[in-house]
Every structure is written in C-alpha cells, then in structure tokens.
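# Tertiary structure, described
Spelled out, the chains give:
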Amino acid sequence: VLDLAMAKPSPITIRSLFTFENTVISLACKPETTEVLSSLKDELIDRIKKGIEGLPGERIRLLWDCQPPWYDLNLFRYFESKGANFVVSPYLGEFGGRHWARYCNEETGRWLRSRTIPTNLEEGLWEIARFHTSRHPRPRLPALVREVIELAKEAKVDGAVLHYVRGCKYVPY
C-alpha cells in the first residue's frame, strides 16, 4: 500500500493513509485487517490504472515524517489546498517490514535491540537507561537520515515536513 502511494500522481492522500494505520494498530494480527488492507491495495492499483488521483491536481509531492497531528488533521487540508500531497512517510513505514529491514542492518540497531536480564540494581538502571535512549533519535540518527533520503528519492518528492511531536512512546524519534 505504501509503495503504491508513491505513484505519480498518488492515488491516495496522507489523511487516508493515517486512517488505515489505525487498523494496523487497533486490529493487529486480525484477519479483518488483512482483508481491509488487501482491498485497499487492490483499489489503489485500480486507481493508478484509471489515473484517479488521491488529491486532484497534485502539483507538489511531499514527505511527512513522524506522527500526524491527531489533534488537528485539518493541517493536511491546508497543504492540499495548495496542491501539495504527502506521498510517503517513514513513520508509516515503521509499521511494515521494509523500514525495519533497513534499520536492523545498522550496527547501532544491534546494540539497541539487545537486552539483558538485570541481576542487580546497577544493571537494572543501565537497562532502563538503554531503553529510554534507544527511543531518542541520536542512536539511530544515521539510519533515519539514510531512510528519509532513500524514501524522498524513491518517491520523487519536492520537499518534506519533519513534524516532531512527543506522543506515542513506542515511536523511536
């Protein structure tokens, strides 16, 4: 689905993609989720074949990084009113294997993914510190920069919005 969203012009808008993201989060590992996303994939393929644009008159292609502003999704309407469509998002890619395949090849990723069972207070505090620093951008900054650059080139974007919001603690930004 995310690869199809990068078609030129894109057959879908980021608002819709973020809506479908909720099926992955709320209905993870459910057959219904697979059915919904499979149907979406088929629909996007059909829209591309028929030349149906997600944002009619798409003139500017953008990359959106990080979580959406759930508190005000109308922000996307502002960009859309200018003919700008977000066609790729590394954040959305985190819900698929493509991003993790790149990330897991990183040397720093091995250290961040390794965990030990603490046997004393000092080791316990060390593990807590490692857990929290792994959620900070610095340990994986080189991997994130490469990911954003690769996606931007692949999607042929004209620009990017790097939206930082400290929301979901799972998101390692």
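Note that the structure is a prediction, hence the values are computed from the model and not measured.

Cut-off values and rules
- Residues numbered from 1 in each chain as written.
- Predicted model: local features only at pLDDT ≥ 70, side-chain atom pairs only at ≥ 80, totals over all residues.
- Heavy atoms only, no water.
- Pairing = 2+ DSSP bridges.
- Helix = DSSP H or I, 4+ residues; strand = E, 2+ residues; numbered from the N terminus.
- Axes fitted to C-alpha atoms, helices over the stretch in contact; angles between N-to-C directions.
- Contact = heavy atoms within 4.5 Å.
- Core = buried A, V, L, I, M, F, W, Y, C linked by side-chain atoms within 4.5 Å.
- Buried < 20%, exposed > 50% of the residue type's maximum accessible area, 1.4 Å probe, protein only.
- Parallel < 35°, antiparallel > 145°, perpendicular 65-115°, else oblique.
- Left-handed = near helix turned anticlockwise from the far one by under 90°.
- Nonpolar A, V, L, I, M, F, W, Y, C, P; charged D, E, K, R; others polar.
- Salt bridge = Lys/Arg side-chain N within 4 Å of Asp/Glu carboxyl O.

What follows concerns the sheet that holds strand β3 (residues 159-162). Strand order in this open sheet of three strands is β2-β1-β3, and the pairing throughout is parallel. Two strands bound the open sheet, and with one partner strand each, they are β2 (84-88) and β3. Averaged over all neighbouring strand pairs, the angle between strand axes comes to 40 degrees, with direction disregarded. Seen against the sheet, helix α4 (residues 74-81) touches β1 (60-65), β2 and β3 and runs at an angle of roughly 115 degrees to β2.

This brings us to unusual backbone geometry. Outside of glycine, negative phi angles account for most residues, and trans bonds account for most peptide bonds. Between K8 and P9 the backbone carries a cis peptide bond, its omega angle lying at -5 degrees. Here P9 lies in the loop between α1 (2-5) and α2 (14-26).

A few words on the nonpolar core. Counting 15 residues, the largest nonpolar core has I14, F18 and F86 as its most contacted members. Listed by contribution, the elements that provide at least two residues to this core are α2, α3 (31-50), β1, α4, β2 and α5 (90-93). Of the residues forming this core, the biggest block, three residues, is contributed by α2. Beyond its immediate sequence surroundings of up to four residues, I14 is in contact with W64, F76, N85, F86, S89 and L92. Counting residues in hydrophobic clusters, the runner-up holds seven residues, among them L63, V87, V88 and L151.

Glancing now at the packing of α2 against α3. Interhelical geometry of α2 versus α3 gives an angle of 155 degrees and a closest axis separation of 9 Å. Classified by the interaxial angle, the pair formed by α2 and α3 is roughly antiparallel. Both α2 and α3 take part in a crossing whose hand is left-handed. Facing F20, T23 and V24 of α2, the residues of α3 in contact are T33, V36, L37 and L40. In the contact of α2 with α3, the residues fall into five nonpolar, two polar and no charged.

In this structure the tally under the stated criterion is four salt bridges. Ionic pairing is found between D46 and K50, a salt bridge with its closest N-O pair at 3.1 Å. One end of the pair is D46 and the other is K50, both in helix α3 and four residues apart, which spans about a single turn. You can call D46 partly exposed: its relative accessible area is 33%. The class of K50 is exposed, set by a relative accessible area of 58%. Among the salt bridges present, the one from E58 reaches R61, with a minimum N-O distance of 3.0 Å. With relative accessibility at 2%, the residue R61 sits in the buried group.

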